[in-house]
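# Chain and residue survey
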Amino acid sequence: MSEQKNPEATQEVPKRTSAKKWTESARKVRGLVRDMYVRAFTEGKPVAWVMFTLVNELFVAMDVVPVYPENFAGLCATKRVGNPFIDRAEADGFSNVSCSYARIGLGYAALWKDMGEIPSFAPDGGMAKPIMMVGSSLVCDTRYKWFQTYSRYMDVPYYAFDMLGPPASTAYRPDVREQYIKYNLAQLQGLVSFMEERLGKKMDWDKLDEIVRRGEKTYVLWYDAYMLAGGAVPCPFPAEDSFNCFFPAFFMMGEVEALDFYQGLYDEIKYKVDNKMGSIPEEKYRLLWGGGLPPWHTMQIFNYVEEQGAVFVFQSTYLPLRFADVPDRITDPLERMVHSRYEAAISRAELDRKLGLFDLCNFVGLGNPLLFVDEFKVDGVVMHWLRSCRGTTIGQVYQKNLLEERTSIPTLFLESDMCDVRDYFEADWKVKLSAFLETLEARKRAGS
Amino acid sequence: MAFFAGIDVGSVTTKVVITRDSELTAYHVVPSGANYKMAAQKAMEEVLAKAGLSLKDIACIVATGYGASNADFATLKVTDISCCAKGVNHLFPSVRTVIDVGGQASKAIRVNEEGRSTNFVVSERCAAGSGRFLQIIARVLQIELGDVGPLSLQAKKPVIYTTSCAVFGESEAISRIAEGTPKEDILAGVHNAMALKIYSLISGVGLEEECAIAGGGALDVGLIKRLEEKLGVHLLVPPQPQIMAALGAALMAEERSLALAS
Amino acid sequence: MYFAGVDIGSTMTKVVIMDEVVLACVIGPTGAEHRRLANKVMEEALRQVNLPFDEISYVVATGYGRISVPFADKQITEITCHAKGVSSLFPTVHTAIDIGGQDAKGIKIADGRVVGFVMNDKCAAGTGRFLEVIADDLGLRLEEMGELSLNSKNRVEISSTCTVFAAQEVVSRIAEGTPIEDVLAGLHEAIASRVFRMVERLKIERDVVVTGGVAKNIGVVKALEEHAGFPVLVPEEPLLTGAVGAALLGKELTLKALESGRPIERGARRLEVATFFE
Amino acid sequence: MAKGLDWAKRLYENRSQRAKELREEGKKVIGYICAFPPRELITAAGLVPYRITGTLEPIAEADAYLETLMCPYVRSCLDLGIKKQYDFVDGMIWPHTCDNIQKTFDIWKHYVPHSYFHYLDVPHMPDPSSFEFFAKELDVLKGSLEEFGGVKITEECLKEAIGVHNENRALLRQLTGLRKQAPPLISATEMTQVMMAAMSIPVYESNEMLKNIIEEVSTRKDGPQNKATRLLIYGCEIDDIAFINLVEECGANVVIDDLCMGTRDYWKDVVMEGDPLKNLAHRILGEIMCPRTFRRSRGTRQQDLDNRFSYIRDFAKEFNVNGAILYIIRYCDTFEFDAPEVRDYLEEAGIRVLHLEDDYSLTSIQGYKTRIQAFLEMIE
Ligand SMILES: Nc1ncnc2c1ncn2[C@@H]1O[C@H](COP(=O)(O)OP(=O)(O)O)[C@@H](O)[C@H]1O
Ligand SMILES: Nc1ncnc2c1ncn2[C@@H]1O[C@H](COP(=O)(O)OP(=O)(O)O)[C@@H](O)[C@H]1O
Ligand code: SF4
Ligand code: SF4
Ligand code: SF4
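Residues numbered from 1 in each chain as written. Chains lettered and ligands numbered in written order. Predicted model: local features only at pLDDT ≥ 70, side-chain atom pairs only at ≥ 80, totals over all residues. Heavy atoms only, no water.

### Description of the interface of chain C and chain D
With 16 residues of chain C in contact, the opposing surface of chain D contributes 16 residues. Roughly 1,300 Å² is buried in total at the junction of chain C and chain D, and carbon and sulfur atoms are behind 44% of that figure. Measuring nitrogen to oxygen at the nearest pair gives 4.0 Å for the salt bridge that ties Asp 359 of chain D to Lys 122 of chain C. On the surface where chain C and chain D come into contact, there are seven residue pairs in polar contact (both at pLDDT 80 or more). (Contact = heavy atoms within 4.5 Å. Buried area = accessible area lost by both parts, 1.4 Å probe. Salt bridge = Lys/Arg side-chain N within 4 Å of Asp/Glu carboxyl O. Polar contact = N/O pair within 3.5 Å; in protein donor to acceptor, adjacent residues only side chain to side chain.)

Here you go:
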C-alpha cells in the first residue's frame, strides 16, 4: 500500500512532544543547539551547511560556523513544524519516500526563496545563509545526492567527498587498510582545498592539529560515558537522553565546549552509577533501542514506556565510535583523522568477527546489539522502521533474525518516520508497546 | 469456586467468555456495532443470563480488544495479542505460531509453552488484508459470511484483482458479477489476495511447525485453504476460533486472581 | 451535425449531445448492476433530442469505463476531456481539480490544453468513494452532506486514513454523541487536504476550477478553498465537464477532418451493452 | 535452433536455460547485479557472466529477510534467490552502487548459498584518487576471480575480453541506431527482449545473436508498429516487457531509453590502449551515466545540469522524440533525488515529461494505462 499518509495529521503541537530529561547534561543540550543556529546569524563568520561526516574539526579550524540541516530537520520535527517544509518539497516533485530530513531541508530553502525571507515558523530563527555546502557519501546515498539539488533554490557552491567504509570481512588486512586510508585521505585533502578556495585563506595546520587531538579526547569520553551507562543497573541514562547527548559529538566535535560537555556527562553518569541512581523508580524491563532513528516528533513515547516500568537502557543508532589511540608517529592531523575513523570501523568489525559474523561486508557493527543484549542485560529489543530512511532501516530484519538465531531476546518493530508525522499513529504504537511489555512479562515468569 | 470472565471488544464482534477452573462455562458473541459500550454491556448481560449467573459471581474480568476501554466493568485490560496467545495455547498446547485474522487487522503471534506471546507482528493500517475485506465482498455478492468459505472452495478460475484497495476491490467485484464471473471465482481471488498479505506478515515472525489460526477469519474455510497452500503447513482451527482472545482474557483473570491470592 | 460525449465514470455515467450548444445531457448511475448499461443512458439522451443514433456524427467515450464501449468512435482519457470541458466553460482556468468516484486528479491547463497532470487511483481515501461509503453507513444522502458540515463549530479529526476504518471510526464517533456536522467537517477536510497536497505538485495557479461529483459537496469545496487561500470556481453541473469535453473533442476531430478532406476515423459502433474488462 | 529475434525471445522467456546448459558442460556461472561489475573480467577468467534481475510477481519470501520499506527491485531479486531460482549461479559479484544493493549483499550471502562471493566497492566521486582506488578494487576482484576460476588473467586475455565486450556494445549501439527512423525498425518490446537475452549468455554467443538480429531487422521494410508519438524512457531498472509493452499498446513508439538495462549499459566503450584495469575503472566510474555517481561541477547551475543531463536531451534530439517518461522505482533514492531535476531539464528543452513512481509490480504497472494515454493525448 503506498498511499496511506494520514492526510489530516495536525500541525498543532501537542502539549509535549519531547521526553522528560533525566540527566543534567541532557538538559543542557537544547541550549547548545540553539546556540548553533544563533551563532550562524550573529557572529558574522562564514556559514557552511554540512552533512554530518565526522569532519567537524575542519570547520572549527577554519573558523566557519557549520550548520547541519539534518539536525535542523529533527528540530523542526520536535516542534512539529516540519510538515509545511515537507509539503513544499513534495510539491516540487520530491518523493514522499525520500528522506524526510532532506524534504524538510529542501522545503526550507524553497519556502525561503518563495517568500523572500526565512519562514517565521522555522525554529531557532532558521538556518542562516551559507557560503558553501559540504556533503559526503558516508552512511547513505541521500547524503551526497540531497545537497546536489539545493541549486534549485540557492546558488551556493557544493562539495561532496567520499568517506568509504572498509568491508568488515577484509578491513583488518594491511593492503585493504592502505587502499582505504589513502583514498579517504585524498578525499579529505580535496575538501580542505575546496574550503581554502572558498574562504580565501589557508588551513592553519597547527591549529587543526590541536583541535583534532582535542576531538580524540572527546571521542574517548563520549564512548566511555555511553558504555558506562549502558551496563549500569539501574539505568542512569535512558536512551531518550542519549538521543540528545550525541549532539555535541556529531555537530560540535573539536570545540572546547564539546570536550567539557562529555567530561560533565561522564562525571554525572559515574556519580549516578556509583550511587545506584536509576532514572525510573522500579526497573522491570530493560530495553534496547536496536536500530532506526528515534521518532523526533513524539519523543514523549519513551515516557509512556517508563510509566509501565520499562526503560531503554541504550540505543545503538548513534553509537559512539571507539577510537583506538592513533600512533604518535602520525603527525599530520588529516592523516590522524582518517586513521582514527578507520580504526573505529575496524574495532566494530572485529567485534563482529568475535561474534562469528565473519562474512559481513556492509553491516559493520551489526553484531553490536547482540553484544549489548548480553552485556547490558537487556530483556527486549525495539527497532524503528522509517518510511523515508533506508540508511538506518535496511538490516533491521536481518539483525532480528540474528538475534533470534543466537539469543532468545524478542524484537519489536515499530513503524513511522523520523520527521513526517503523517506516518505516525500513536494508538498503534501504544498497543504494540504494551503488548510487547506483556510479552516480556510472560517470558520473565516463564523463566523464573 | 469463583467464576472468571474475559471480554474481547473487537472492531466487528464482541465476545465474552466465562470460565471456572480454567474450563469454559459459557460464551457469547454479539456484533460490536457502533456503540462499543453498549455492545460490551449487552454481551456481558447475555452471557451471564446464559450461564445463570450474576455479575457479582464473577471474581475478576479482563477486557481486551480494539475497544477494551469501553468495558468499564472490567478489572483489568490486557492486549488482544497476549490474550489470543493464551487462549489458543489452552486448546493447543503444542502450537507455537498463531495467526489471528480479525476484523480490523491480521496478526501473527509466536507463543511459548506457557501460552505467552514471545513475538508478534500486526498488519498495516489498510483494510486490504483484514477480515473486513471479506465482509465487504460477501455483502456485495449477497451471500452470508458463513457461505463464503464453502463457495470459494468450488472456484475453478480465481480472479486476479487489479487493485489491492478493499474499497475498489468491492467495485471490481461488482463489475465482475455484472460481467458474469462466477461468485466462487471472485471469492477465491479475494482469499488469494488476503493469503498473500498474511503470508508476508508471518514471514516477519517465522513459521513454526505447529500453527493455528484464530479470529473470525478462521471461520472461513476458503481462506484457510488458500493460506495452507501458501504456507505449506496444516493449520489447526479451534472449534470457536472467534472467542480465543476472550477465552485467553478469562484465563488471565483467573491467573491474576490466583497470583493475588497467594 | 451532432456530437456526443459519453463519460462512463466509476459512479455515474454521463452523456451529452450537442451541435453548437448542448442539446441534451443525461446523468445515470454506473454503480452496481447498472454498470454495463451505458447504452441506456445514451438512448435516454437521444430520446430527449428526438434523434436516431445514426444522426450522431461522432461519439467520444471517456472515463474509467471508456475502454470497451461498443458505440463510440474513439476513446479519449478523462484527463484530456475534463481539460477541454473545463476550459470551454471557464476560459481563464489554469488548474482543474477533479474528484470523482474512483480517483482524484489535478490538471494543469494552458490555452485549453493539458500541460501536466497528477492522479491518484490506488487508494479510495481522498476520492468520492470515501464519501459514498460514509454516507451509506450514516444513512445520509450525498446531497446533504456538504451543507450539513457547514454548521460545524468544532471539526473533529479522523485518525484513520483507510476508507473502511474511517467509516467505522465515524460511526462510533456518532454513537458516542459527537455532532454529525463536526464529523462530516473532519471528513471533508481529510479529503481536501489529501487532494490539495497532491495537486500542489503542479504548482496551483488561478483560476482553479473544481469538477467531478465531489464538487457538488460544498463542504469539500470550502475546505479546498481554505487550503488554497482563495475562492475556486465550480461549474453549474460539475459532473458534466468530462462528457462536454468529450463531445467537443469529437466535434473538433470531425471538423478538422472535414477541413482537410480526410475521412473521419470511425469505430464500428453498435448501440449495445458495454463491458468493463478487456 | 531459433534465429535472430526469435532466439532472443526464447531466451527472454526462459532466461536461465543457456546458463544451465553451460553449467552441465562444466562451465561456471557468475551472477552480477547492476551495470557496474566489469563483465570483461568475468569473461577473461573463463566464467559466464549472468545478470541477476527480479520479477514483477508479488514478493513473498524475501519479506522475512528484508524490510518492505526499501527498493522493491532488490527485494524481488532476493526473493528469487531465496526461492532457489538462482541455484544455477556459482558465484556472485555485487557492487556498491546504492544503499539497497550494498546492504542486501550481506543478506544474500548469509541466506543463499553460492560457492563464491565478491563485494566490489565503488567510489561515488569522479576524482583522480577515486579512479585510482577503483582500479585497485578491480585488481582485487581480478585476483579473486583468478582464484575461483583457477586461471591466470593475463593482460593479453583481459584485453581480448575487453575487445569482445566492446564489440558487444558496438552491436547494441548499431541495433539501437535502427530505432532512429520512423517507424523504428525494431520495437522497444523487442529491444527489451534482446537486452535481457544478451545478458544471460556468454558474450561470444551474445555477439553472434546480435549480428543475426541486426541482419534480420535491417532487412525489414517497415517497423513492426508505426505510431505518431516517439518516446524516450528514462529510469532505473526495467527488466520486463510489461511496462514498455503497455506504453506501446497505448499508442506510442518507444525509440530510445536511458535505462540501466538499456543504453546506459552500452553507450560507451572501454579504451583499448594502456592499462586495462585503469581503462575499465574509467568506463565504469566515469562513463556510466547513473545518478549514483556524483558529477562535479564548479560552474553555474546550468553548467552543472548540462554536465549531468545534456546527454538525455541529446538522445531526445537525435532520436527525434516528442516526450519522455521517467520511470522511477519507489525507494530508489539516487533516482528519486534526480527525478525533479531531470523532469525540469527536459521540459526546459521543450520535451514533455510524464513522471511515474512505481512499485515494480505487475498490478501497479497496469494501473498506469490512463496516465500514459492522457500523456500521449497531451503531447500529440
Ligand atoms: N461465519 C463466518 N464465516 C466466515 N468469516 C466470518 C464469519 N464470521 C465472521 N467472519 C470474519 O471474521 C471477521 C471478524 O473477526 P473478529 O475476530 O470477530 O474481529 P474483531 O475481533 O476485530 O471484532 C469478519 O471481518 C469476517 O471476515
Ligand atoms: N449531489 C451530490 N452531492 C455531493 N456529492 C456527490 C453528489 N453526487 C455525486 N457526488 C459524489 O461524486 C462522486 C462521483 O463523481 P463522478 O465525477 O461522477 O465520478 P466518476 O466519474 O468516477 O463516476 C460520488 O462518489 C460522490 O461522492
Ligand atoms: S541516514 Fe537516513 S535520515 Fe540520515 S540522511 Fe540518510 S536517509 Fe536521511
Ligand atoms: S487502499 Fe483501500 S483498503 Fe487500503 S487504506 Fe486505502 S482505502 Fe483503505
Ligand atoms: S532501482 Fe535504485 S535503489 Fe533499486 S537497485 Fe536500482 S539503483 Fe538501487
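There is more to say, and it comes next.
### Side note on the pattern of salt bridges
A side chain of one charge can pair with a side chain of the opposite charge when the charged atoms of the two come close. All names here are of chain D. Taken as a whole and assessed by the stated rule, the structure comprises 95 salt bridges over all chains. Note that Glu 40 is salt-bridged to Arg 169, the shortest N-O span being 2.7 Å. Placement of the pair is Glu 40 in helix α3 (residues 39–44) and Arg 169 in helix α7 (residues 155–177), with a sequence separation of 129 residues. Owing to a relative accessible area of 3%, Glu 40 belongs among the buried residues under this scheme. (Helix = DSSP H or I, 4+ residues; strand = E, 2+ residues; numbered from the N terminus. Buried < 20%, exposed > 50% of the residue type's maximum accessible area, 1.4 Å probe, protein only.)

### Observations regarding the interface of chain D and chain A
Each side of the interface is counted separately: chain D has 54 residues, and chain A has 57 residues. Approximately 5,100 Å² of surface area, both sides summed, lies buried where chain D meets chain A, with 52% of it carried by carbon and sulfur atoms. On inspection of chain D and its partner chain A, the count reaches five salt bridges. Among the ionic pairs, Asp 333 of chain D bridges to Arg 390 of chain A, the shortest N-O distance being 2.5 Å. Where the side of chain D that touches chain A is concerned, the elements lending two or more residues are α5 (99–111), α6 (128–149), α13 (301–318), α14 (333–348) and β8 (352–358) of chain D.

### Comments concerning a nonpolar patch on the surface
A grouping of Met 1, Leu 255, Leu 258 and Ile 264 of chain C is seen on the molecular surface, where their side chains present a nonpolar patch of about 340 Å² in accessible area. Its place among the elements puts Met 1 of chain C in the segment before β1 (2–8). (Patch = residues over 30% accessible without salt bridge, like charges linked within 9 Å, V, L, I, M, F, W, Y side chains within 5 Å. Areas by Shrake-Rupley, 256 points an atom, 1.4 Å probe, with all protein chains shown as cover.)

### Overview of the sheet that holds strand β9 (residues 208–211) of chain C
Residues and elements named next belong to chain C. Taken together, four strands build an open sheet; the order of strands is β8-β7-β6-β9 and the sheet is mixed. Each edge of the open sheet carries a strand with a single partner, namely β8 (113–120) and β9. The sheet shows a mean angle of 15° between the axes of neighbouring strands, direction not considered. Running over the sheet, helix α2 (residues 78–89) touches β6 (95–99), β7 (104–110), β8 and β9 and is turned about 55° from β7. (Pairing = 2+ DSSP bridges. Axes fitted to C-alpha atoms, helices over the stretch in contact; angles between N-to-C directions.)

### Overview of the side chain of Arg 214 of chain A
Assignment of secondary structure puts Arg 214 of chain A in helix α8 (residues 205–231). Ignoring sequence-local partners within four residues, the contact set of Arg 214 of chain A consists of Gly 254, Glu 255, Val 256 and Leu 259 of chain A.

### Looking at the sheet that holds strand β5 (residues 76–77) of chain B
Residue and element names in this part refer to chain B. The five strands lie next to each other as β3-β2-β1-β4-β5, forming an open sheet whose pairing is mixed. The sheet is open, and its two borders are formed by β3 (23–31) and β5, each paired with just one other strand. In this structure, strand β2 (residues 13–20) lies alongside β3, joined through eight bridges in antiparallel fashion. By the bridge assignment for β3, Thr 14 is matched with Val 30. Contacting β1 (3–9), β2, β3, β4 (58–64) and β5, helix α8 (residues 244–261) runs over the sheet at an angle of about 140° to β1.

### Structural notes on helix α9 (residues 203–218) of chain D
Its 16 residues give α9 of chain D an end-to-end C-alpha distance of 22 Å, which sits within 8% of 22 Å, the value for a rise of 1.5 Å per residue. Close packing links the buried residues of α9 of chain D with α1 (4–13), α2 (17–24), α3, α7 and α8 (188–198) of chain D. (Expected span 1.5 Å × (residues − 1).)

### Some words on the packing of α7 of chain D against α9 of chain D
Residue and element names in this part refer to chain D. Between α7 and α9, whose axes approach to 10 Å, the crossing angle comes to 25°. With respect to α9, the axis of α7 lies roughly parallel. Here the hand of the crossing between α7 and α9 comes out left-handed. Contacts between α7 and α9 involve Glu 160, Val 164, His 165, Glu 167, Asn 168, Leu 171, Leu 172, Gln 174 and Leu 175 on the former and, on the latter, Val 203, Tyr 204, Ser 206, Asn 207, Leu 210, Lys 211, Ile 213, Ile 214 and Val 217. Its residues assigned to classes, the contact of α7 with α9 shows 10 nonpolar, five polar and three charged. (Parallel < 35°, antiparallel > 145°, perpendicular 65-115°, else oblique. Left-handed = near helix turned anticlockwise from the far one by under 90°. Nonpolar A, V, L, I, M, F, W, Y, C, P; charged D, E, K, R; others polar.)

### What about the nonpolar core?
One finds Trp 49, Leu 58, Tyr 101 and Leu 191 of chain A together with Leu 145, Leu 175 and Phe 243 of chain D to be the most contacted residues of the largest nonpolar core, which totals 361 residues. Considering each element in turn, this core owes the most residues, 11 residues, to helix α7 (residues 174–199) of chain A. Setting aside residues no more than four positions away along its own chain, Phe 243 of chain D makes contact with Ile 233, Ile 238, Ile 325, Tyr 327, Leu 356, Ile 365, Tyr 368 and Ile 372 of chain D. Listed in part, the 83 residues of the second largest apolar core include Phe 130, Phe 165, Val 170 and Val 210 of chain C. (Core = buried A, V, L, I, M, F, W, Y, C linked by side-chain atoms within 4.5 Å.)

### Focus: the pairing of β1 of chain C
All names here are of chain C. With respect to burial, β1 is a largely interior element, six of its seven residues being buried. Relative to strand β4 (residues 56–62), β1 runs parallel, the two being bridged by six bridges. By the bridge assignment, Tyr 2 is partnered in β4 with Ile 56. Bridge analysis of β1 against strand β2 (residues 12–18) gives six bridges, and the strand direction is antiparallel. The residue bridging Ala 4 from the neighbouring strand is Ile 17, located in β2. Counted between consecutive antiparallel strands, the loop separating β1 from β2 contains three residues.

### Comments concerning the site of ligand 1
All names here are of chain B. The local shell around ligand 1 holds 20 residues, among which Ser 11, Val 12, Thr 13, Gly 131 and Gly 216 are the closest. Residue Ser 11 places a side-chain N or O atom 2.8 Å away from an oxygen atom belonging to ligand 1. With respect to ligand 1, the backbone of Leu 145 contributes an N or O atom lying 3.3 Å from a nitrogen atom. For ligand 1, the accessible surface in isolation is 580 Å², of which the surrounding protein chains cover 87%. Those elements that provide at least two residues to the shell around ligand 1 are β2, α3 (131–141) and α4 (145–152). Looking at which element gives the most residues to the shell around ligand 1, the answer is α3, with four residues. (Near = heavy atom within 4 Å.)

### Description of unusual backbone geometry
In the segment running from Arg 206 of chain C into Asp 207 of chain C, the intervening peptide bond is cis, with an omega of -5°. Locating Asp 207 of chain C in the fold gives a position in the loop between α6 (180–199) and β9. In this structure, Pro 183 of chain D follows Ala 182 of chain D across a cis peptide bond, with omega equal to -5°. Unlike most non-glycine residues, Tyr 331 of chain D shows phi in positive territory, near 75°. Along the polypeptide, Tyr 331 of chain D turns up in the loop between β7 (323–329) and α14. The exposure class of Tyr 331 of chain D is buried, given its relative accessible area of 10%.

### Digging into the domain arrangement of chain B
You'll often see interface size given as the accessible area lost when the parts meet. Residue and element names in this part refer to chain B. By the assigned domains, chain B splits into domain 1 (1–92 + 242–262) and domain 2 (93–237). With 18 residues of domain 1 in contact, the opposing surface of domain 2 contributes 28 residues. Contact between domain 1 and domain 2 buries roughly 1,600 Å² in total, counting both sides, with carbon and sulfur atoms accounting for 64%. Of all residues in domain 1, Ile 81, Asn 89 and Phe 92 give up the largest surface area on contact with domain 2, accounting jointly for 39% of the area buried on that side. Counting across the domain 1 and domain 2 interface gives two salt bridges. (Domains from an automatic or database assignment.)

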